[in-house]
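Descriptive analysis of the structure
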Amino acid sequence: MRVELVQGDITVEHVDAIVNAANSSLLGGGGVDGAIHRAGGPEILAACEDLRRSHYGRGLPTGEAVATTAGRLHAHWVIHTVGPQYWPGKDQTHLLRSCYVRSLAVADELDARTVAFPLVSAGIYGWPIDDAIGVALGAFDSAETSVEEARLVLFDRETHDLATRIRSGG
Ligand code: ADP
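Here we summarise the structure given alongside this text. Owing to the predicted nature of the structure, the values given are computational and were not obtained by experimental measurement.

**Things to note about the pairing of strand 5 (residues 114-117)**
- Here strand 5 shows two buried faces, one formed by Thr-114 and Ala-116 and the other by Val-115 and Phe-117.
- Relative to strand 6 (residues 149-154), strand 5 runs parallel, the two sharing four bridges. In the sheet register, Ala-116 faces strand 6, and the bridge partner there is Arg-151.
- Tracing the backbone out of strand 5, into helix 4 (residues 129-141) and back to the parallel element strand 6 gives a crossover that is right-handed.

**Description of the site of the ligand**
- Near the ligand you find 14 residues, and of these Asp-9, Val-32, Ser-121, Gly-123 and Ile-124 are the closest.
- At a separation of 2.9 Å, a nitrogen atom of the ligand approaches a polar side-chain atom of Asp-9.
- A distance of 2.7 Å separates an oxygen atom of the ligand from a polar atom in the backbone of Ile-124.
- Protein coverage of the free-state accessible area of the ligand, which is 560 Å², stands at 90%.

**Overview of unusual backbone geometry**
- Of note in the backbone geometry, Leu-26 takes a positive phi value of approximately 65° without being a glycine.
- Counting through the fold element by element, Leu-26 comes out in the loop between strand 2 (17-22) and helix 1 (31-40).
- Positioned with a positive phi, Ser-121 is a non-glycine residue whose angle comes to about 75°.
- If you trace the backbone, Ser-121 turns up in the loop between strand 5 and helix 4.

What counts and what doesn't
Residues numbered from 1 in each chain as written. Predicted model: local features only at pLDDT ≥ 70, side-chain atom pairs only at ≥ 80, totals over all residues. Heavy atoms only, no water. Buried < 20%, exposed > 50% of the residue type's maximum accessible area, 1.4 Å probe, protein only. Helix = DSSP H or I, 4+ residues; strand = E, 2+ residues; numbered from the N terminus. Pairing = 2+ DSSP bridges. Right-handed = clockwise from strand over helix to strand, strands pointing away. Near = heavy atom within 4 Å. Polar contact = N/O pair within 3.5 Å; in protein donor to acceptor, adjacent residues only side chain to side chain. Areas by Shrake-Rupley, 256 points an atom, 1.4 Å probe, with all protein chains shown as cover.

Put into structure tokens, the structure is as follows:
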């Protein structure tokens, strides 16, 4: 799988699937979640509400992923995943990694070949940015998937530059 580092707003990406850093309610929130729902329109929220009723009465578990329509976004699907909230001293790396692994598994089920990811847990959920980048890149490196291209979309230039340095080992 090719891995691209992109700087900007994930809601303008043209890909088969856009991953959302959702919360377990699936009913929207701030950060990238809010941006995806605003740009994609009410169809996404309606699909999330259906999923809550049909499959996830208690919410989508942390580290899991599930797909809905992408509404008006330039994608076929949004894959919602729930990152762990950062808690110093509590190792939840496996859950953050699982967000990427499970999102790629859902993408495989959908036959999606290009997938854009935000930096899950690195905003409101407080995960240290450098570590969040390392977990994402590590998960992509070892992924067994038919996805051809993963785009890690970093919102600001500073985070993009940091990801570029981490990737090159510098
Ligand atoms: P979480 O609750 O998982 O921490 P956030 O949405 O708060 O999710 O943040 C995750 C990452 O997404 C952060 O690095 C944040 O800067 C970034 N982000 C916020 N809005 C966008 C956007 N429109 N496109 C891409 N990345 C975004």
